[in-house]
Amino acid sequence: MSGRAPAEIRERLAHLRRAGAELRRRPARETLEALARLLDLWRDPGSEARRELEAGLPRATGFSPAVVREGLARGLAPFSGEAFRALVARELGPPERLDGAGAEMVAGFEVTAVLLAGAIPMPSLLSLLAPLALRSPVLAKPASRDPLTARLLARSLRALDGELAGCLELVEFPGRDSGAAGALLEADCVVATGSDETLAAVAARVAPPRRLVGYGHRLSLAAVGEAALAGPALLSLAGRLALDAALWDQQGCLSPLWVYAVGPGPEGADRLAEALAAALAEVETRLPRGVPGPAAAASIAQERAGAELRAAAGQRVALHASPGTEWTVVREADARPRPAPLHRFLRVHPVADAAELLRAMGPLGPQLAGVALEGFGRDEGRLARALADLGASRLCRPGVLQAPPLAWPREGCAVLTPLARLSRFEAGAG
Amino acid sequence: MSARTRPSGRLDPRRAALDAGVLAWMREADWRADEARFDALARDLFAFQFERCAPYRRFCAGRGRTPERLGSWREIPAVPTGAFKELALRCFPAEDTLRTFRTSGTATAARGELHLDTLELYEASLLPSFRRHLLPDLAAGARLRIRVLAPSPEEAPDSSLSHMFGVVLRELGAAGSGFDVVEGALRADPCLAGLGEAAACGEPLLLCGTAFGFVHLLDAMAARGKQLALPAGSRVMETGGSKGRARDLRPGELHALLEQALGVPAARIVNQYGMTELASQFYDSVLARPGEPRRKLAPPWARVRVVDPETGTDAGPGAVGSLVVYDLANTGSALALQTADLGRRLGDGFEVLGREPGAEARGCSIAADELLRDGPG
């Protein structure tokens, strides 16, 4: 495709610009309603689109069928048509603003390029729908690890609204085809997901006034206060945190990697690690992990051996692990961050108090996505604000990390407005 | 021998005997992969390290491995290379430390440390391997001009690679040999002038360095519109990755660019696989065994297993697995090392596939080592 791809991509961008112009002739409310219906369709476990997604994702992504089923059920639950309408109202105001009514006008770009990455469908779904909500047509490059979500979304749109479906096209080319990538990045707005290196490379090619909206790789953590480190509260918490880690095999930016046990003594961390190990073992029976590649398995083996050696050196470190690489919990002796091999590998760090917790999390601030919090009683609000100041964009209870609301301000930004052009008509001024 | 190495005779008698056994093997001209000899030396060394390094002893005991219960050298528990960032794994008193080599690293990442009480084995191991794989045609006693795209040992005293290059220059370098990275930067113009001079006079040379050093050289040549045709008989040795320090190139891409820019055929470009935590190195076979498939070869006193990371057993032929290295030259630390690298067996050698921690990531969580990533070795 390499030789022809850039010309083809430019042609498709031009075609989409024309399709967008057609779409903008009709009331914005029609488009928004079609997208709301699509979300309700995808939320419905009985719908054809949802069944196809559940059936196809395991083979496409390597996640187990049970993880896909549970992950979709939880992840799509907040993605309702109603939530979408509320999001639009909150961020954009009444749909008529998109039609140019009133003094405050909102519009999308003429065409938006969306570079998808990763195999978790919800972020891809939102990245594709958000520009369409602004009636900006989309040329998307599906993720190599999930070619299915974008394709099924295009099909669902065709069934719901032919004209809107004409505003979504998919293009595939090898990641190293810089000619094709360059042509795609000529779109007026670019939405890209990837590592910081990928985003920097894209940013170098998308200069103002064209707009880049980037979503980097991020990580999540959990902090557990003394009140949740014993008894039934601990068992409940461990089960929910294990679920947060198990869903999508700890691959999402909302998957917790490190868990901080906040309390005066080391025993809390011991108990938490033991409870998490038991919970991960139980989760594995219901939601088996996918098979990791050799690099991930090697990383798990390396980090497990490192923990064993630190324990052998007299540090208060304990390794809890499945016979294979299915799950691992390392009870660490300190708060020092260590590599996270993912694929259900949790580290439990003891910290004395909230101040030490914040010091430990401080260097991670720029990379933080979510923090699950429990057991802090009246101090919770203050702690949540401090964590938000560090950079966390989501603070929630353990057990719901993988089900963010549609309006979650990923990377601290609104969902729709970063993709919008806002105008204000000040007729009476001056 | 360097004045800064400590003769084995001053070590404790048991250690000295172990060192002497390994040194004797290193000094033999005939490289035979003597399995029984390796097994015997490895068992003795394991027993010594088990006794002298308490964390390692408890680590092994925890896995049910003791010198008395060892079936073969293959069962010696391997220390993960990451552990050198956190623990001082040595089999001698701390006050006897003669030199500490450190892994390269970013400001935020911890650096691994290898403590040595003697450099004798280190140097005795590196020279015959280097000579066999880079200079197989060099007559005994002869020297060759060697330029190095890495800092000198004086500039980087804790770099094992710089130390290695220093020893090589001392023992094998002819007049005009030297280092072309000064104060952390490639001195491109003097380096290119030296290479140009060698090309003009038809004197073959050996150009060594880190992969990122070569990337900087290629960039400097491109910026100057320069191409060279180094004399026939010249050769290149590159080692380590370039990620994070220069634009990242795959080994095949780097070799193709070097062939084009320097006029050195790919069959004379040798990749070295080594690491701070190891005293011995592994080289591409292309000069030592010309005409055979490119693969990494180990000296007789080292072994490499390709291990299925799920089971810890040997990976099947051609299967990708973790590289576990057994190096008898590591008498003062740990002879068995579980590396962070993947590889596969190729005949009597192996291929290194690197680590690429994020390559298999399926989501948007930050890749395993991305946040804490070391700089390239």
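Quantities reported herein were computed from a predicted structural model and do not represent experimental measurements.

> Help me understand the overall build of chain A, please; the structure alone is not making it clear to me.
Secondary structure summary: chain A contains 15 helices and 14 strands in total. Here chain A has a C-alpha radius of gyration of 23 Å; the compact-globule value for 430 residues is 22 Å, and the two agree. The C-alpha extent of chain A, read off along each of the three principal axes, is 70 × 55 × 45 Å. Within chain A, buried positions represent 52% of all 430 residues. Pairs at least 24 apart in sequence give 75% of the contacts found in chain A among residues at least 6 apart.

> What should I look at first to understand the overall build of chain B in this one?
Secondary structure summary: chain B contains 8 helices and 16 strands in total. The burial tally for chain B puts 49% of its 377 residues in the buried class. Expressed as a percentage of contacts within chain B between residues at least 6 apart in sequence, the contacts between residues at least 24 apart total 68%.

> Help me understand the sheet that holds strand β3 (residues 138–141) of chain A, please; the structure alone is not making it clear to me.
Backbone-to-backbone hydrogen bonds pair the strands of a sheet. The strands run either parallel or antiparallel. Residue and element names in this part refer to chain A. Judged by pairing direction, the sheet is parallel, and its 5 strands sit side by side in the order β4-β3-β2-β5-β6 without closing on themselves. The open sheet is flanked by β4 (168–170) and β6 (211–216), the only strands paired with a single partner. Sheet twist, expressed as the mean angle between neighbouring strand axes with direction ignored, is 15 degrees. Bridge count for β3 against β4 is 3 bridges, and the pairing is parallel. Bridge assignment links V138 to a residue of β4, and that residue is L168. Each of β3 and β4 touches helix α7 (residues 148–160); the most contacted strand, β4, lies at about 145 degrees to it.

> When you look at the environment of L161(B) in this model, what are you seeing that I'm missing?
All names here are of chain B. By the secondary structure assignment, L161 is in helix α5 (residues 160–172). When the C-alpha atoms of L161 and T210 are compared, they prove to be 8.9 Å apart, with 49 residues separating the residues in sequence. Among all residues touching L161, those that are not within four sequence positions of it are A150 and T239.

> When you look at the domain arrangement of chain A in this model, what are you seeing that I'm missing?
Segmentation of chain A into domains returns domain 1 (5–217 + 409–424) and domain 2 (219–396). Between domain 1 of chain A and domain 2 of chain A, the residue contacts involve 14 residues of the former and 13 residues of the latter.

> I keep staring at the environment of T103(B) and nothing clicks. Help me out?
With respect to the helices and strands, the residue T103(B) is situated in the loop between β2 (99–102) and β3 (113–116). C-alpha separation for the pair T103(B) and P67(B), spaced 36 residues apart in sequence, amounts to 30 Å.

> Quick question: what am I supposed to make of the packing of helix α2 (residues 28–43) of chain A against helix α5 (residues 81–92) of chain A here?
Working note: a packed helix pair is described by the angle between its axes plus the distance between those axes. Between α2(A) and α5(A), the shortest axis-to-axis distance is 7 Å and the interhelical angle comes to 145 degrees. On α5(A), the residues that touch L32(A), L35(A), A36(A), R37(A), L39(A) and D40(A) of α2(A) are G81(A), F84(A), R85(A) and V88(A).

> Explain helix α4 (residues 65–76) of chain A here, please?
Working note: α-helix, 3.6 residues per turn, so residues spaced by three or four point in the same direction. Residue and element names in this part refer to chain A. Between its terminal C-alpha atoms α4 stretches 16 Å, which fits the 16 Å expected from 12 residues at 1.5 Å a residue. Along α4, the residues that are buried comprise V67, V68, E70, G71, L72, G75 and L76. The secondary structure elements touched by the buried residues of α4 are α2, α3 (48–61) and α6 (121–133).

> So what exactly am I meant to see when it comes to the nonpolar core here?
Here is a general trend for soluble globular proteins: nonpolar side chains tend to be buried in one another's company. Residue and element names in this part refer to chain A. Within the largest apolar cluster, 241 residues are counted, with the highest numbers of intra-cluster contacts made by V224, V259, Y260, L272 and L276. No other element matches the 11 residues that helix α13 (residues 294–312) contributes to this core. Of the domains in this structure, domain 1 (5–217 + 409–424) and domain 2 (219–396) are the two that each give at least three residues to this core. Excluding anything up to four places from it in sequence, Y260 contacts L221, A223, V224, H349, V351, L357 and A360.

> Would you explain the pairing of β6(A) in this entry?
Along a regular strand, successive side chains alternate from one face of the sheet to the other. Residue and element names in this part refer to chain A. Sheet topology note: the strand β5 (residues 189–194)/β6 ladder contains 6 bridges and is parallel. Residue pairing across strands places C189 opposite R211, the latter belonging to β6. Crossover handedness for the path β5 to helix α10 (residues 196–203) to β6: right-handed.

> Which parts of the structure should I look at to understand helix α1 (residues 13–26) of chain B?
Spanning 14 residues, α1(B) covers 20 Å between terminal C-alpha atoms, matching the ideal 20 Å at 1.5 Å per step. Where α1(B) is buried, its residues contact α2 (35–52) and α4 (120–134) of chain B.

> Even after reading the chapter, I still don't get the environment of V371(A), so can you show me in this structure?
All names here are of chain A. In this structure, V371 sits in strand β12 (residues 368–374). V371 gets classed as buried once you count the C-beta atoms within 10 Å, which come to 26. Sequence-wise, V371 and L387 are 16 residues apart; in three dimensions their C-alpha atoms are separated by 7.8 Å. Setting aside anything within four residues of it in sequence, one finds V371 in contact with S220, L221, A222, A223, L387, A392 and L395.

> Help me out: how do you make sense of unusual backbone geometry in this one?
Negative phi is the rule for most residues except glycine; trans is the rule for most peptide bonds. Residue and element names in this part refer to chain A. Across the junction of P208 and P209, the peptide omega takes the value 10 degrees, indicating a cis bond. By the element assignment, P209 lies in the loop between α10 and β6. Non-glycine residue R135 carries a positive phi angle of around 60 degrees. Along the chain, R135 turns up in the loop between α6 and β3. Judged by C-beta crowding, with 24 C-beta atoms within 10 Å, R135 ranks as buried.

> Looking at this structure, I do not really get the sheet that holds strand β13 (residues 394–396) of chain A. What am I missing?
All names here are of chain A. The 7 strands lie next to each other as β9-β10-β11-β8-β7-β12-β13, forming an open sheet whose pairing is mixed. Only two strands of the sheet have a single partner each, and these edge strands are β9 (318–321) and β13. Averaged over neighbouring strand pairs, the angle between their axes works out to 20 degrees when direction is ignored. Strand direction decides the pairing type here: strand β10 (residues 328–331) and strand β11 (residues 345–351), joined by 4 bridges, are parallel. Considered in β11, the bridge of T328 is made with F345.

> Looking at this model, I keep getting lost on the pairing of strand β8 (residues 205–210) of chain B. Mind explaining?
Residue and element names in this part refer to chain B. Of all 6 residues that make up β8, 6 are buried, and the element is covered over most of its length. With 5 bridges connecting them, strand β4 (residues 145–149) and β8 associate as parallel partners. From the neighbouring strand, R147 faces β8, where its bridge partner is L207. Examined bridge by bridge, β8 and strand β9 (residues 235–239) share 5 bridges and lie parallel to one another. Of the residues in β9, the one forming a bridge with L207 is V236. Read as a crossover between parallel neighbours, the route from β8 over helix α7 (residues 211–223) to β9 is right-handed.

Parameters and conventions
Residue positions are given per chain, counting from 1 as you read along its sequence in written order. Throughout, the order in which chains and ligands are written sets their labels, letters from A for the former and numbers from 1 for the latter. Given that this is a predicted model, residues contribute local features only at a pLDDT of at least 70 and side-chain atom pairs are listed and counted only at 80 or more, while totals for whole chains, interfaces and linings are drawn from all residues. A run of DSSP states H or I qualifies as a helix once it reaches four residues; a run of E qualifies as a strand once it reaches two. Both are numbered from the N-terminal end. Based on C-alpha atoms, the radius of gyration is set beside the globule rule, defined as 2.2 Å times the residue count to the power 0.38. Exposure classification rests on a simple neighbour count of other C-beta atoms within 10 Å of a residue's own: a residue reaching 20 or more is buried, one at 12 or fewer is exposed, and one in between is partly exposed. C-beta atoms are placed from the backbone. Contact criterion: two residues are in contact if their C-beta atoms, reconstructed from the backbone, are within 7 Å. Following DSSP output, two strands are said to pair if at least two bridges run between them. Whenever a helix is involved, its axis is fitted only over the stretch in contact; in every case the axis is a line through C-alpha atoms, and angles between N-to-C directions fall within 0 to 180 degrees. Where each domain starts and ends comes from a domain assignment, either automatic or drawn from a database. In this analysis, the expected span of each helix is defined as 1.5 Å times one less than the number of residues it contains. Each nonpolar core comprises buried Ala, Val, Leu, Ile, Met, Phe, Trp, Tyr and Cys residues, the members being joined through C-beta atoms within 7 Å. The handedness of a crossover follows from its direction of travel: if, with the strands pointing away from the viewer, the path from the first strand over the helix to the second runs clockwise, the crossover is right-handed.

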